Amino acid sequence: MEPQPGTWLDKRIGGAMLRTWLREKTVPVHRHTVWYYFGGMTLFLFAVQVVTGILLLLYYRPTAESAFESVQFIMAEVQFGWLIRSLHSWSANLMILALFIHMTSVYLTRAYRKPREITWISGVALLVLALGFGFSGYLLPWNKLAFFATQVGTQIVANVPVIGSFMLRFLRGGENVTGATLTRFYGFHVAVLPALTTAVLGIHLLLVQLHGMSKPSEDKSNRSMPFFPNFLLRDVVGWLVALGVLAALAAIFPWELGEKADPFAPAPKGIRPEWFFIWMFQTLKMVPAHVGVFEGERVAILGFGFLLVLIAAVPLLDTNGNRQPLSRVFTILGWVLLFYVLFMTISGYLETPVFAAGPPQAKSPADLFINDIHRQRGLTCMDCHGNDVRITAPKRTQIAALCARCHSDLNYMRRFNPQMRVDQFAEYQTSIHGMRGAQGDQNVATCTSCHSVHDIRAVRDAKSPVYPTQVASTCAACHADSKRMATYKIPTDQYKNYRGSVHAAALIDRNDLGAPSCNDCHGNHGARPPGMDSVPAVCGQCHRQEKDLFGGSPHAKPFQDLGLAGCIVCHDNHEIKKTDDRMLSAQGEGVCATCHSDDGATPKIRSMQSSILGLRLQIDTASEILGRAERAGMEVSKPKFDLEQARAELVKARVSVHGFNPNKVMEFTRPAIDITIAAHKAADAALEEVSYRRRGLGYALIGIAIMIFALVMKIREIEGKKS
């Protein structure tokens, strides 16, 4: 007798048993049935993760030198690489969202009860693994935001008691976030976590099949539907809906790449973790520095750990019926936690950064002296005040000499720092402050006026009055005091004007320590007001090229003959505003209009202005179109980089204005215009690609909609026959 078709395969894979299981398996039908579909949706999105992740592995290189460039190559050069990466990133976020919804519905419907305790615990383990995927995968593109967010996230782990420092080194592969961290996270993301997830997921699915799907205990009906094909077809409809949402997000909002990580750059503003960690991040910010005798962050970390253990152990604690008080307590706690997580997550995105004021300064010398650098070096009160029982403060004119007893002694200062200067007192004596003090002026600034008295800090300490960002306000303590300055007959608006300058905006507002403050122009210990003839030399310390060009320009000699400080005539003194191309004009408020209204120099001025404004218009136009393409998700880093070269040429053209030679200006603007034209064409091509992608998305969504419609009709047909 000939064997029946499929018999050979059935004996080896258990096909008959599988068909029997599919025919007999049913799913409860009740008002909460809709929540069942989120489990299957999570599994579908995980499958998308696996497929797209494998495709990305073909091109990704997990090194600090190549990671960013390899992702950039995937997005810009690999056919549909942008789509694969966007699908991978968006599906990761949607998977975690679906998993959150699935876990919440299981908890609130109490589907974790006997005999499904281990099913729940394995689900909690899968949630932890999913968060691990999100945390480890965030760093892999090696961009700026991911680098600093990982730095903050791993630093939090260091607060775990006892094993915190070990866990920090284990995660980072050292003390800092480096290329070793990237390689380690890559190993976690593509090997360790997938292996663990596969094992736990297998156990979870097996337990779901063994115990079936739970239904609320208050539901007394015995309605059910066959798993195959009724429920499975509904599950597929949910998968198609998820696929449509995923495709739309990937095409309309492709995942951005950002800028390459620079470990030496300052952290950008607004650093925050991924959305699923925001609520914990916000909680940590609310916790006080100390809770009793314990550090606040450690208490919060222990709290998160305890919360996770409690959630996993709920099935072992909630063993009573629905009407028992303990059961109601767990349900209420679940709702409270859900609203807390939602509220803290939303607040994390809506909050306005608030810079808390520092604690009020202590008043007693003993309290102030705790932070003093002299105390940290082993000095005491007697080193300055002596052993006399009647300690009196030194006269103001004696303070500099008192400090010089140590700070002018080379051999003594070498004990603390071999490279420390010992000429401060000598310089101070040549300063306007020192010379007036030698004449008996009790009102002049001395060491303690700038460095404080009993809480003197190192110059590199951000809280020091002479730290670069604090210097201007320290000088203003005297120079903005109109009563104090009245006898010297000098203005008191320098600080106010400086605060409105481009220098203050860079130094104080953006924390650019390379920008100048008072001491950079006037000197430190040997501070003196610069003379008119020395102003170009002072400005030339930073603006060397402008100084050289001006020195060879037609303006140099006339300005010198008239006793005018070149830089100040055009750019003002303390209130140096950001330069504007409108300054280069012989009309209206243009700087040139002061001397040139309508003379022989006017055509040259117009020529230079026309060249610069023409280039700037070209750059702005190309930049605007590239911005539209980038916001649409296109990878346009190459034309943006080229446009930066054009901007660099524009800067050079603006600088060359100081030489007052139109031909020199055009030597920079002409090649830059060619660059902007090429960038403009690349931007237009990118926008064409955006249109192509959106048409493709439209066709894909139409295809998905047709499939969903066909499945819905098939479900109705099947259930119509059975009814």
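What you see as residue numbers is a count from 1 along each chain, following the sequence as written. In view of the model being predicted, local features appear only for residues whose pLDDT reaches at least 70, and side-chain atom pairs are presented and counted only at 80 or more, with totals across whole chains, interfaces and linings using the full set of residues. Note that water and hydrogens are dropped before the side-chain values are worked out from all heavy atoms of the structure.

> Give me the lowdown on the pattern of salt bridges, citing residues and values where you can.
We count a salt bridge whenever a side-chain nitrogen from Lys or Arg sits within 4 Å of a carboxyl oxygen from Asp or Glu. All told, the structure shown has 16 salt bridges when counted by the stated rule. One salt bridge in this structure joins Asp-509 and Arg-499, with 3.2 Å as the shortest N-O distance. Highlighted residues: Asp-509 in helix 25 (residues 502-509) and Arg-499 in helix 24 (residues 494-499), separated in sequence by ten residues. Judged by relative accessible area, Asp-509 falls into the partly exposed class, the value being 44%. The shortest N-O distance in the salt bridge between Glu-649 and Lys-652 comes to 3.4 Å. Segments assigned H or I by DSSP are reported as helices when at least four residues long, segments assigned E as strands when at least two residues long, and all are numbered from the N terminus. Only protein chains enter the area calculation, which uses a 1.4 Å probe; residues under 20% of their type maximum are buried, those over 50% are exposed, and those in between are partly exposed.

> Please provide a residue-by-residue account of a nonpolar patch on the surface, values included.
Two joining distances apply to patches: 9 Å for like charges and 5 Å for nonpolar side chains (Val, Leu, Ile, Met, Phe, Trp, Tyr), and every residue must have over 30% relative accessible area and no salt bridge. Only the protein chains shown count as covering a residue, and every accessible area follows the Shrake-Rupley method with a 1.4 Å probe. There is a patch of nonpolar side chains on the surface, built from Val-50, Val-51, Ile-54, Leu-55, Leu-58, Tyr-59 and Phe-73 and spanning about 640 Å² of accessible area. Here the element with the most residues in the nonpolar patch is helix 3 (residues 37-57); it accounts for four residues. Secondary-structure assignment places Ile-54 in helix 3. Take Ile-54: its relative accessible area is 49%, and that puts it in the partly exposed class.

> Could you give an account of the packing of helix 3 against helix 5 (residues 81-108), naming the residues involved and the relevant values?
As a packed pair, helix 3 and helix 5 sit with axes 8 Å apart at the nearest point and diverge in direction by 155°. Between helix 3 and helix 5, the angle falls in the class roughly antiparallel. Of the two elements, helix 3 crosses helix 5, and the hand of that crossing is left-handed. Contacts between helix 3 and helix 5 pair Phe-38, Gly-39, Thr-42, Leu-45, Phe-46, Val-48, Gln-49, Thr-52, Gly-53, Leu-55 and Leu-56 from the former with Ile-84, Arg-85, Leu-87, His-88, Ser-91, Ala-92, Leu-94, Met-95, Ala-98, Leu-99, Ile-101 and His-102 from the latter. Note on geometry: axes are C-alpha line fits, over the in-contact stretch for helices, and angles between N-to-C directions span 0 to 180 degrees. Comment on the angle field: the value is read as roughly parallel under 35 degrees, roughly antiparallel over 145, roughly perpendicular from 65 to 115, and oblique elsewhere. Note on convention: the crossing is left-handed when the near helix lies turned anticlockwise from the far helix by less than a right angle, right-handed when the turn is clockwise. Throughout, a contact is declared for two residues whenever any of their heavy atoms are within 4.5 Å.

> Describe in detail the nonpolar core, supporting the description with residues and values.
Among buried residues, those of type Ala, Val, Leu, Ile, Met, Phe, Trp, Tyr and Cys that are joined through side-chain atoms within 4.5 Å constitute a nonpolar core. Grouped together as the largest cluster of nonpolar side chains are 47 residues, with contacts concentrated most on Leu-45, Met-95, Ile-96, Tyr-107, Trp-120, Leu-246 and Phe-304. By residue number, the principal contributor to this core is helix 5, which donates ten residues. Once you skip the residues sitting within four places of it in the chain, Leu-246 turns out to touch Leu-45, Val-48, Leu-87, Trp-90, Ser-91 and Leu-94. Listed in part, the 28 residues of the second largest apolar core include Ala-601, Ile-605, Ile-619 and Val-690.

> Go over the packing of aromatic side chains, please, and point to the residues and values.
Pairing of aromatic side chains here covers Phe, Tyr and the six-membered ring of Trp, requires ring centres within 6.5 Å, and sorts the geometry by plane angle: under 30 degrees stacked, over 60 edge-to-face, intermediate tilted. What the rule picks out here adds up to 24 aromatic pairs. Residues Phe-170 and Phe-188 carry aromatic rings whose centres are separated by 5.7 Å and whose planes lie at 40° to one another, so their mutual orientation is tilted. Of this pair, Phe-170 sits in helix 8 (residues 164-172) while Phe-188 sits in helix 9 (residues 179-211), and the two are 18 residues apart along the sequence. By relative accessible area, which is 42% here, Phe-170 ends up partly exposed. Residue class for Phe-188 comes out buried when judged on its relative accessible area of 17%. Aromatic pair Phe-185 and Phe-188: ring centres 6.2 Å apart, planes at 45°, arrangement tilted. On the criterion of helical spacing, the pair formed by Phe-185 and Phe-188 is a turn pair, its members being three residues apart in helix 9. Of the two residues, Phe-185 and Phe-188, neither departs from the other in class, the shared state being buried.

> Run through the environment of Phe-550, naming residues and quoting values.
Summarising the element assignment, Phe-550 is placed in helix 28 (residues 544-551). Separated by 106 residues in the primary sequence, Phe-550 and Ser-656 have C-alpha atoms spaced 9.0 Å apart. Apart from residues lying up to four places away in sequence, Phe-550 is in contact with His-555, Ala-556, Phe-559, Gly-566 and His-658.

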